Amino acid sequence: MSTNVLVHSETQGDLPSTEYEVFSFGPYKLFSAQRLLERSGHPVKLGGRAFDILMLLVRHAGEVVTHRQIHTTVWAGLIVDGGSIRFHMSALRKVLGGTQLSCEYVVNIPGRGYCFVAPVTSLPAASPAAKRNPDTSPRAAAHGLPPVLERMVGRQKAIHDISSELLAERFVTIVGPGGIGKTTVAVGVGHSFFAQFPGPVQFVDLGSVRESSQVAAAVAIAIGLQIRTEDPVPSILAALRTCQMLLIFDSCEHVLDQVAPLVEQIFACASEVFILATSREPLGAEGEHVFRLQPLRIPLEGAIITASELIEYSAIELFLERVQAGGSRIELNDANVETVIAICRRLDGMALAIELAASRVQAYGLRKTADLLGHQFSLLWPGRRTALPRHQTLMATLDWSYNLLSPAERRLLYRLSVFIGAFDLEGVMVVTQAPANFLELEGNADLSSLVAKSLVVAESSGERTCYRLLDTTRNYGLGKLAESGEMEEANRQHARYYERVLIRHAQIEQGTGEWPRALASNLNDIRAAMSWALSKDGDVSLGVRLAAYSTSLWLGLGLLPECRDRMKQAVSVADHSEATIEEKMLIQMALGSTVMFTVGLGEAFRTSWTSVLSLAEEIDDKQHQLNAYLALWAQQIRALNAGEALMLARRCDAVARKFGKAGPKAMALWMLGLCEHHTGRYESAKRHLEDALLSEDDADRMLQLRHFGHDRRVDALGVLSNTFWMLGRTADALETSAMAVAEARQLDYPIPLCIALSWHCFNLYVIGAEWSEVERHAVTLIEHSRHHGIEAYQGFGICLQALSGKSEVDAEETASIVASGIKMLVRGQYTAFNPIFQADAALALAEAGLRIHAETLFATMLKEDRNPDHWCIPEIVRIKGQLALSRGNNKEAENCFKMSIDSAVRHGSLAWQLRSANSLAALWINEGRQDLVYDLLGPLVALFKKGIVSRDLQRARALLKSLTLASNSSLADSPNTNGLGEN
């Protein structure tokens, strides 16, 4: 009979290479075809054997490459001793040590081989994809990098020089006055990096950040980091520590005090992160290299320039190009050359000012434009001689342009300045209080005019057109808005517009979970609207409504501390507003959810959700009653208060049945199933969990995911997978937990993947998979949870990683690592697995001969365990027996093993029963009571179906086989008594 044994086999030999392989790690690039190693673009001398070893390790990055694999690949057909491998490995380490980071590349695995542990990016050379047009790169769009201009005038050399300096120094700040083109150049550098840089390019737009405290949040959003702490900087640094990427910080000048220390820390701790910043002044941070962006090139004063030579100057080239783009044509001749030069010179070669001036040529002609330009500069800011000339020049251009507008255009411009980011035509109509037929009136012509005059930027994506004001234009407009006396009304209309947007998105796209990301670009406008509405001069009722309908936005973007604080503010004034009970419930739900992940499941959490339940019962809102029961149940189940949790699950089930909808019924069944699993009622748990999965309503499930960031289907699959293992269905267990992981990866939320990886990793551990297989999933769990700041699951992964590798490391170290993981689980108030983790660590200590340490740890576990009859009690009692056995007390050990078996039978856990039976059988064999073993193990083994064989089942079969062999040997050695032998 053939069986499938769960093992993780090592790769034999090397993988076949493609013709041109290129690998990137840290500052290195490895070229297979050229047999070349480069560091920061410079060749590194490396011997042939050392190169072959490095190539082998890199191709198998993250895996253990055995000494045998190295020998058969690098010295095929030759006989060499272990010293040869050590010699060439030493040479390789010496080369990689040139960066003082060799420990981060190759790790020695004692007794097994070596592992290349640094992140590796494969860059196939000469790939057609590598030659794509960077301006339209979908990768650029995916990382928020604005599109590069179709034609960039006069900045090619600057982009080349900045790129070279950035590659060499890692940290460059482009410094120059407003309007000179810093952002344009930075975007150009970002796109140029796609052709030569293996990592992602992330664009952090700080120009739209209104409050300095939001700088770190803007960085976290850009790199996809879930914020769960008051200070996200440590999480940002941890996430970037092993990353290779280019971070572009745009428009830093107004938040220098916050940006400088953050960038300095990133530069110091993340050696593979390259930093490009733009600012009107240097950041003053350690490691910064300043690149002062010069104005576009203009002729020197007094130089004699002909019409044919004029185009060689980039400022003039830009001016002429923008004039032509505006619908005008200038026939250059020696007569008008001086006029063109005068315009560009007066504008100091500033790109923005040049574009604004060029937009006026069609209306006023070249000569009149020059005259108006000079006039406006001479009248700007009389008496202010201390302002920088370039700053005066830019503001003069804006002032001049504004004075050329009609009264209607002026009002439209300053009303639009209330927007921080991009806005659509509906936003224009709301903020300006335009009539419904706005598109048919002159108002729409005014908007088109502002776009044509470069005062409003229009950006199209597919069929949607958005508008925005340049930062300097917006700041100028805000001044005019304040002068007009319309500031309060503009802020009110701005807030009403975003109330409308939030309600619409919540209603239309509530089933997709995508809308939080869709509104990420409006985040600063929504912040501003809420801040104004909840201020003393605002509109409290409007502010409470904004808070209520923005809850999913904060949760979806992972801005949990900010969400908690804004909901607290809204709760404090909700009773003085016109908010409905439904809106108050939404706010309390968000507050409770964020408190759970940022503070813990304490009294504040219970207060919020008890309030939700009371409000829901007041208006007989069964949906929100269900949500409240779910949250209060989660608090009890995580605290191992199984009786209270089961009571709440049953109440939830009763409400769900009255509600009559499939989704709530499925939720209640899942809650019941999880309670039953945690209290060892496996058959009932299996029935409820399978029913929950079969009756699920995806729309309702996704709505819950948006509200809580938690997916009940993934959780149900995870719990069901372990239930299958308990019932002896090993193959079903692994298949189901693998399905949970696969489905969790499809969701754009971090918590479901944490849950799925935890169950899958735990199943692999208890089934007895190879250490490398368990470790691989545990490391994934640790890194994912660390990246998103979810400490409890990080602790879970740390415990499993240590316990699965306990045969590879010192037992005391294993116990110490487990203790650190337990602390994280306790802080995260997720203690359901603590008893079994601590008991396993105690067993490891006992097996290493550290009996006193083992007994102390086990006693501590028993003292802290609050649940006398939970799901892992049979294993706890079995380990107690193993500890008794280690101190020679066979009688106590036998009693413990029998009690464990009885407990497993009572729970219906075939898996725990078999494990304890193995321990008892081994004891009986050692005591010479082999005759009892067949009756103990034989019937149990027969209950397991064909398929994947766990380590416990392997051991049971091995014990039975050893008894059979011993019995046959005994019969062969005994005298013949059947009369068939020799006389």
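Per an unreviewed UniProt entry, the protein chain carries the name Winged helix-turn-helix domain-containing protein and comes from Dyella humi.

Engineer: Residues and numbers for the overall build of the protein chain, please.
Structural biologist: Summing up its helical and strand segments, the protein chain has 45 helices and 17 strands in all. Of all intrachain contacts in the protein chain linking residues separated by at least 6 positions in sequence, the fraction that spans at least 24 positions is 68%. Accessible surface, the protein chain as shown: approximately 42,600 Å² in total, 51% of it carbon and sulfur.

Engineer: Outline the nonpolar core, listing residues and values.
Structural biologist: Within the largest apolar cluster, 196 residues are counted, with the highest numbers of intra-cluster contacts made by Leu-206, Phe-249, Ile-266, Leu-283, Trp-633, Trp-670 and Phe-837. Sort the elements by how many residues they give to this core and helix H35 (residues 750–767) lands first, with 13 residues. What Leu-283 contacts, discounting residues up to four positions off in sequence, is Phe-171, Thr-173, Cys-252, Leu-256, Val-259, Ala-260, Val-263, Ala-277 and Glu-288. Counting residues in each nonpolar core, the second largest holds 50 residues, with Val-189, Val-201, Leu-318 and Ala-353 among its members.

Engineer: Tell me about the packing of helix H42 (residues 890–907) against helix H43 (residues 910–926), residues and numbers included.
Structural biologist: Geometrically, a packed helix pair is captured by the angle between its two axes and the distance between the axes. One way to put it is that H42 packs onto H43 with a least axis distance of 8 Å and a crossing angle of 155°. For the element pair H42 / H43, the angle class is roughly antiparallel. In this structure, H42 crosses over H43, and the sense of that crossing is left-handed. Between H42, through Asn-890, Glu-894, Phe-897, Lys-898, Ser-900, Ile-901, Ala-904 and Val-905, and H43, the contact on the second element is made entirely by Trp-912, Gln-913, Ser-916, Ala-917, Ser-919, Leu-920, Leu-923 and Trp-924.

Engineer: Please set out the pattern of salt bridges residue by residue, giving values where relevant.
Structural biologist: All chains considered together, the criterion is met by 38 salt bridges. Between Glu-562 and Arg-527 there is a salt bridge, with the nearest N and O atoms lying 2.7 Å from each other. With a gap of 35 residues between them, Glu-562 in helix H25 (residues 560–574) and Arg-527 in helix H22 (residues 523–533) connect regions that are remote in the sequence. The residues Glu-562 and Arg-527 share a single accessibility class, namely buried. In this structure, Arg-564 and Asp-565 form a salt bridge, with 3.2 Å as the shortest nitrogen-oxygen distance. Classification of Arg-564 by relative accessible area gives buried; the value is 6%. Overall, Asp-565 belongs to the partly exposed group, its relative accessible area being 37%. One continuous salt-bridge network, built from bridges that share partners, spans Glu-488, Glu-489, Arg-492 and Asp-539.

Engineer: Run through unusual backbone geometry, naming residues and quoting values.
Structural biologist: The phi dihedral of Ser-251 is positive, around 65°, even though this residue is not glycine. Within the fold, Ser-251 resides in the loop between strand S12 (245–250) and helix H9 (256–269). Despite not being glycine, Asp-620 shows a phi value in the positive range, around 55°. Inspection of the secondary structure puts Asp-620 in the loop between helix H27 (603–618) and helix H28 (622–638).

Engineer: How would you summarise the sheet that holds strand S7 (residues 106–109) if you had to cite specific residues and measurements?
Structural biologist: An order of S6-S8-S7 is seen for the 3 strands of this open sheet, with the pairing classed as antiparallel. Looking along the sheet, the strands with just one partner apiece sit at the ends: strand S6 (64–66) and S7. Adjacent strand axes in the sheet meet at a mean angle of 30°, parallel and antiparallel pairs treated alike.

Engineer: Tell me about the environment of Val-22, and please be specific about residues and values.
Structural biologist: Looking at where Val-22 falls in the secondary structure, it is placed in strand S2 (residues 22–25). Taking the C-alpha atoms as reference points, Val-22 and Ser-32, 10 residues apart in sequence, are found 6.4 Å from one another.

Engineer: Report on the packing of aromatic side chains, specifying residues and quantitative values.
Structural biologist: Enumeration over the complete set of coordinates arrives at 20 aromatic pairs. Measuring from centroid to centroid gives 5.0 Å for Phe-25 and Phe-116, while their planes differ by 80°, and the two rings are edge-to-face. Taken together, the positions of Phe-25 in strand S2 and Phe-116 in strand S8 (residues 113–116) put the pair 91 residues apart, joining distant regions of the chain. For the ring pair Trp-759 and Phe-833, a centre distance of 5.4 Å and an interplane angle of 65° mean the geometry is edge-to-face. In this pair, Trp-759 is assigned in helix H35 and Phe-833 in the loop between helix H38 (811–827) and helix H39 (834–847), connecting sequence segments 74 residues apart. Across the pair, exposure class does not vary: Trp-759 and Phe-833 are buried alike. The rings of Trp-759, Phe-762, Tyr-793, Phe-796, Tyr-830, Phe-833, Phe-837 and Trp-871 are connected pair by pair, giving a single aromatic cluster.

Engineer: So what's going on with the sheet that holds strand S5 (residues 42–44)? Residues and values would help.
Structural biologist: Across the sheet, 5 strands lie side by side as S5-S4-S3-S2-S9; this open sheet has antiparallel pairing. Unpaired on one side and paired on the other, S5 and strand S9 (121–122) mark the two borders of the sheet. The sheet contact formed by strand S3 (residues 28–31) and strand S4 (residues 36–39) spans 4 bridges and is antiparallel. Bridge pairing in S4 places Phe-31 opposite Leu-36.

Engineer: Kindly report on the pairing of S7, identifying the contributing residues and their values.
Structural biologist: In terms of strand pairing, S7 meets S8 through 4 bridges, oriented antiparallel. Within the sheet, the bridge partner assigned to Val-106 lies in S8 and is Phe-116. Where S7 folds back onto S8 in an antiparallel hairpin, the turn is made up of 3 residues, including Gly-111, whose phi is positive at roughly 80°.

Engineer: Could you give me a rundown of the side chain of Asp-621, with the residues and numbers involved?
Structural biologist: Relative to the helices and strands, Asp-621 resides in the loop between H27 and H28. Although Asp-621 lies buried, it forms no salt bridge, and the closest oppositely charged side chain, Lys-622, sits 8.5 Å away as judged by the N-O distance. Ignoring sequence-local partners within four residues, the contact set of Asp-621 consists of Glu-582, Met-585 and Ala-616.

Engineer: Break down helix H8 (residues 233–240) for me, with residues and values.
Structural biologist: H8 sits mainly inside the fold: 6 of its 8 residues count as buried. Along H8, the residues classified as buried are Val-233, Ser-235, Ile-236, Leu-237, Ala-239 and Leu-240. Looking at the buried side of H8, the elements it contacts are helix H7 (215–222), S12, H9, strand S13 (273–279) and helix H36 (771–787).

Engineer: Quick rundown of H38? Include the residues and the values.
Structural biologist: With 17 residues, H38 should cover 24 Å at 1.5 Å per step; its first-to-last C-alpha distance of 25 Å lies within 8% of that length. For H38, the set of buried residues is Ala-811, Thr-814, Ala-815, Val-818, Gly-821, Ile-822, Met-824 and Leu-825. Close packing links the buried residues of H38 with helix H37 (791–804) and H39. A side-chain oxygen of the first residue of H38 lies 2.9 Å from the backbone nitrogen of Glu-812; this N-cap is Asp-810. Positive backbone phi, approximately 55°, marks Gln-829, located one or two places after H38.

Engineer: Tell me about the side chain of Arg-492, and name the residues and values.
Structural biologist: With respect to the helices and strands, the residue Arg-492 is situated in helix H20 (residues 487–508). Here the side chain of Arg-492 touches Asp-539 through a polar contact of 3.1 Å, side chain to side chain. With residues near it in sequence (within four places) discarded, Arg-492 still touches Trp-532, Asp-539 and Leu-542.

Engineer: Any chance you could break down the confidence of the model for the protein chain for me, citing the residues and the numbers?
Structural biologist: Residues at a pLDDT of 70 or more form 83% of the protein chain, whose mean pLDDT is 80. Looking over the protein chain, one finds the lowest element-wise mean pLDDT in strand S1 (residues 4–5), namely 28, and the highest in helix H33 (residues 712–726), namely 95. Throughout residues 125–142 the model reports pLDDT below 50, and contacts reaching past four residues in sequence, or to other chains, amount to 15 contacts. The low-confidence segment residues 374–393, where pLDDT is below 50, has 27 contacts with residues more than four positions distant or belonging to other chains.

Engineer: Give me the environment of Ser-271: which residues, what numbers.
Structural biologist: Tracing the backbone through its elements, the reader meets Ser-271 in the loop between H9 and S13. Between the C-alpha atoms of Ser-271 and Arg-241, which are 30 residues apart in sequence, the distance is 7.2 Å.

Engineer: Explain the pairing of strand S10 (residues 171–175) residue by residue, including any values.
Structural biologist: Extensive coverage of S10 is indicated by the burial of 5 of its 5 residues. Of the two faces of S10, the one lined by Phe-171, Thr-173 and Val-175 and the one lined by Val-172 and Ile-174 are each fully buried. Inspection of the sheet shows S10 paired to S13 by 5 bridges, in the parallel sense. Along S13, the bridge assignment pairs Ile-174 with Thr-278. For S10 and strand S14 (residues 289–292), the ladder comprises 4 bridges, and the chain directions are parallel. Residue pairing across strands places Thr-173 opposite Val-290, the latter belonging to S14.

Engineer: If you had to explain the environment of Ile-767 to someone new, which residues and values would you point to?
Structural biologist: Within the secondary structure, Ile-767 sits in helix H35. For the pair Ile-767 and Ala-911, spaced 144 residues apart in the sequence, the C-alpha separation amounts to 9.0 Å.

What counts and what doesn't
- Residues numbered from 1 in each chain as written.
- Predicted model: local features only at pLDDT ≥ 70, side-chain atom pairs only at ≥ 80, totals over all residues.
- Heavy atoms only, no water.
- Helix = DSSP H or I, 4+ residues; strand = E, 2+ residues; numbered from the N terminus.
- Contact = heavy atoms within 4.5 Å.
- Areas by Shrake-Rupley, 256 points an atom, 1.4 Å probe, with all protein chains shown as cover.
- Core = buried A, V, L, I, M, F, W, Y, C linked by side-chain atoms within 4.5 Å.
- Buried < 20%, exposed > 50% of the residue type's maximum accessible area, 1.4 Å probe, protein only.
- Axes fitted to C-alpha atoms, helices over the stretch in contact; angles between N-to-C directions.
- Parallel < 35°, antiparallel > 145°, perpendicular 65-115°, else oblique.
- Left-handed = near helix turned anticlockwise from the far one by under 90°.
- Salt bridge = Lys/Arg side-chain N within 4 Å of Asp/Glu carboxyl O.
- Pairing = 2+ DSSP bridges.
- Phe/Tyr/Trp six-rings, centres within 6.5 Å; stacked < 30°, edge-to-face > 60°.
- Lys, Arg positive; Asp, Glu negative; His and termini not counted.
- Expected span 1.5 Å × (residues − 1).
- Polar contact = N/O pair within 3.5 Å; in protein donor to acceptor, adjacent residues only side chain to side chain.
- pLDDT = per-residue confidence, 0-100.

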